[in-house]
Amino acid sequence: MPASMTPAERRQLVQQLPPLRDADDRLIQRFLDAIWAENGLARASLESYRRDLEGLSRWRDGANDGLAGIDRAGLFDYLAWRTRHGWTARSNARLLSVLRAFFAQALKRGERSEDPAALLESPKLPRSLPKALAESQVEALLAAPDTESPVGLRDRAMLELMYAAGLRVSELVNLPANAVNLRQGVLRVTGKGSKERLVPLGEESQYWLECYLATARPQLTGGKPVAATLAGQVPLFVDIDRTPLSRQQFWALVKASAAVAGIDPGKISPHGLRHSFATHLLNHGADLRALQMLLGHSSLSTTQIYTLVAREHLQKLHRKHHPRG
């Protein structure tokens, strides 16, 4: 099959693989339980780890004792198979990271005497800079929803909050109602690894959030109580059926708002608002350490990529306005 397979074709290819064997299922679950206990990974991360390991197991179909007996050559063959079928270098690098963690656990438990992933080199990843919107584009995007309707008012509050607080999409749609402190103007966010951080709301986002809570949310819920999620939290943002919005629904919301704002929907994503938040803060003189805390990055090196974006902005200003630019 060609390397230009679409994501849908790759998913169909995986669905055609043999079913997961019970022995491998137990190994995978034991690994997930262990890293959850050690690192407190979020549910989405655990599900991603499971998908990666199940994919390898199903491709292998129990050959030479499945995951328990796979060697370096088998891992190399699987990575080569994925590359031929269009999986990206970034996706394969993430898989290799999961495999290293999986076999490290097996070594720790004495189930293996060697790590077959230890000598595999990670794929070289292209350096990609975050794509941020111009400040004028953000203003147009935030003003796009029709705030005369409860749904539009909710959408405006969500967009304002995501940009004001630099939230990840999952953090936004999973926000519980008790995460907001309007009196102090702060938001308690649970990010990756179940790590909590406090983020200031800002006057604009606080205003629209207050409007949503006072009028739109009661109209969307019909005055009825909202059921708690599986995590035991009452969601902050709800749809007309009193359930939280999914990531896909928020993606559609952003695309629709972009079209109204005159922005090419193909060049914007929900994560673009988070990138814009970080880039605009740096452009206006924010401290990199403070930005790291606001974004919830565990490492400063992750935050430093935004300095390249800010540097490009400064270079453009210099070329445009300096007499010898």
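Scroll up for the structure.
Procedures and definitions
- Residues numbered from 1 in each chain as written.
- Predicted model: local features only at pLDDT ≥ 70, side-chain atom pairs only at ≥ 80, totals over all residues.
- Heavy atoms only, no water.
- Helix = DSSP H or I, 4+ residues; strand = E, 2+ residues; numbered from the N terminus.
- Buried < 20%, exposed > 50% of the residue type's maximum accessible area, 1.4 Å probe, protein only.
- Salt bridge = Lys/Arg side-chain N within 4 Å of Asp/Glu carboxyl O.
- Pairing = 2+ DSSP bridges.
- Axes fitted to C-alpha atoms, helices over the stretch in contact; angles between N-to-C directions.
- Parallel < 35°, antiparallel > 145°, perpendicular 65-115°, else oblique.
- Contact = heavy atoms within 4.5 Å.
- Nonpolar A, V, L, I, M, F, W, Y, C, P; charged D, E, K, R; others polar.
- Polar contact = N/O pair within 3.5 Å; in protein donor to acceptor, adjacent residues only side chain to side chain.
- Core = buried A, V, L, I, M, F, W, Y, C linked by side-chain atoms within 4.5 Å.
- Patch = residues over 30% accessible without salt bridge, like charges linked within 9 Å, V, L, I, M, F, W, Y side chains within 5 Å.
- Areas by Shrake-Rupley, 256 points an atom, 1.4 Å probe, with all protein chains shown as cover.
- Lys, Arg positive; Asp, Glu negative; His and termini not counted.
- Charge placed at Lys NZ, Arg CZ, Asp CG, Glu CD.

## Notes on the environment of Gly262
Now for step 1: Here Gly262 lies in the loop between helix H10 (247-261) and helix H11 (270-283).
Now for step 2: Judged by relative accessible area, which is 68%, Gly262 ranks as exposed.
Now for step 3: Here the alpha-carbon distance between Gly262 and Ala144, two residues 118 residues apart in the chain, equals 9.4 Å.

## Some points on the pattern of salt bridges
Two side chains of opposite charge can pair, provided their charged atoms sit close to one another.
Now for step 1: Going through the model one piece at a time under the given rule, you end up with 14 salt bridges.
Now for step 2: Among the ionic pairs, Asp61 bridges to Arg21, the shortest N-O distance being 3.4 Å. Of this pair, Asp61 sits in the loop between helix H3 (43-60) and helix H4 (72-84) while Arg21 is found in the loop between helix H1 (7-15) and helix H2 (22-39), placing the two residues 40 residues apart along the sequence.
Now for step 3: The exposure class of Asp61 is partly exposed, given its relative accessible area of 33%.
Now for step 4: Overall, Arg21 belongs to the partly exposed group, its relative accessible area being 43%.
Now for step 5: For Arg30, the salt bridge is made with Glu111, and the minimal N-O distance between the two is 2.4 Å. Taken together, the residues span a long stretch of sequence, with Arg30 in helix H2 and Glu111 in the loop between helix H5 (89-108) and helix H6 (135-142) at a distance of 81 residues.
Now for step 6: Connected through salt bridges with shared partners, the residues Asp25, Arg50 and Glu54 form a single ionic network.

## Quick look at unusual backbone geometry
Now for step 1: Located in the positive-phi region is Arg242, a residue other than glycine, with phi close to 65°.
Now for step 2: Relative to the elements of secondary structure, Arg242 occurs in the loop between helix H9 (203-221) and H10.
Now for step 3: For Arg242, a relative accessible area of 30% puts it in the partly exposed group.

## Let's talk about the pairing of strand E3 (residues 196-200)
Now for step 1: Burial along E3 is one-sided: the residues Arg197 and Val199 are buried and none of Glu196, Leu198 and Pro200 is.
Now for step 2: As judged from the 5 bridges shared by strand E2 (residues 186-190) and E3, these two strands associate in the antiparallel manner. Looking at E3, one finds that Thr190 is bridged to Glu196.
Now for step 3: Between E2 and E3, which pair antiparallel one after the other, the connecting turn spans 5 residues, and Gly193 there sits at a positive phi close to 70°.

## Some points on the packing of helix H7 (residues 150-165) against H10
The angle between the axes and the distance between the axes are what describe a pair of packed helices.
Now for step 1: With their axes 11 Å apart at the nearest point, H7 and H10 run at an angle of 95° to one another. Taken together, the axis directions place H7 and H10 in an arrangement best described as roughly perpendicular. Between H7 and H10, the contacting residues are Asp155, Met158, Leu159 and Met162 on the first element and Phe250, Leu253, Val254 and Ser257 on the second.
Now for step 2: A per-class count over the contact of H7 with H10 returns 6 nonpolar, 1 polar and 1 charged.

## Notes on the side chain of Asn92
Now for step 1: When you line up the elements, Asn92 lands in helix H5.
Now for step 2: Classification of Asn92 by relative accessible area gives buried; the value is 4%.
Now for step 3: Separated by 2.7 Å, the side chains of Asn92 and Arg82 make a polar contact.
Now for step 4: If we skip the residues at most four places from it in the chain, Asn92 touches Leu79, Arg82, Thr83, Trp87 and Pro123.

## Focus on the nonpolar core
Now for step 1: Among the nonpolar cores identified, the biggest contains 48 residues, and Leu167, Leu172, Leu175, Leu187, Tyr212, Phe237 and Phe250 are the most heavily contacted of them.
Now for step 2: Looking at this core, the element that brings in the most residues is H7, giving 8 residues.
Now for step 3: Non-local contacts of Tyr212, meaning those with residues more than four positions away in its chain, are made with Leu153, Arg154, Ala157, Arg217, Pro218, Leu220, Leu236, Phe237 and Val238.
Now for step 4: Leu32, Leu56, Leu95 and Leu96 belong to the second-largest nonpolar core, a separate cluster that totals 27 residues.

## Focus: a negative patch on the surface
Now for step 1: Among the surface-exposed residues, Glu135, Glu139, Glu203 and Glu204 lie close enough to one another that they form a single negatively charged patch.
Now for step 2: The set of elements that each furnish at least two residues to the negative patch consists of H6 and H9.
Now for step 3: One can find Glu139 in helix H6.
Now for step 4: Overall, the relative accessible area of 56% leaves Glu139 in the exposed class.

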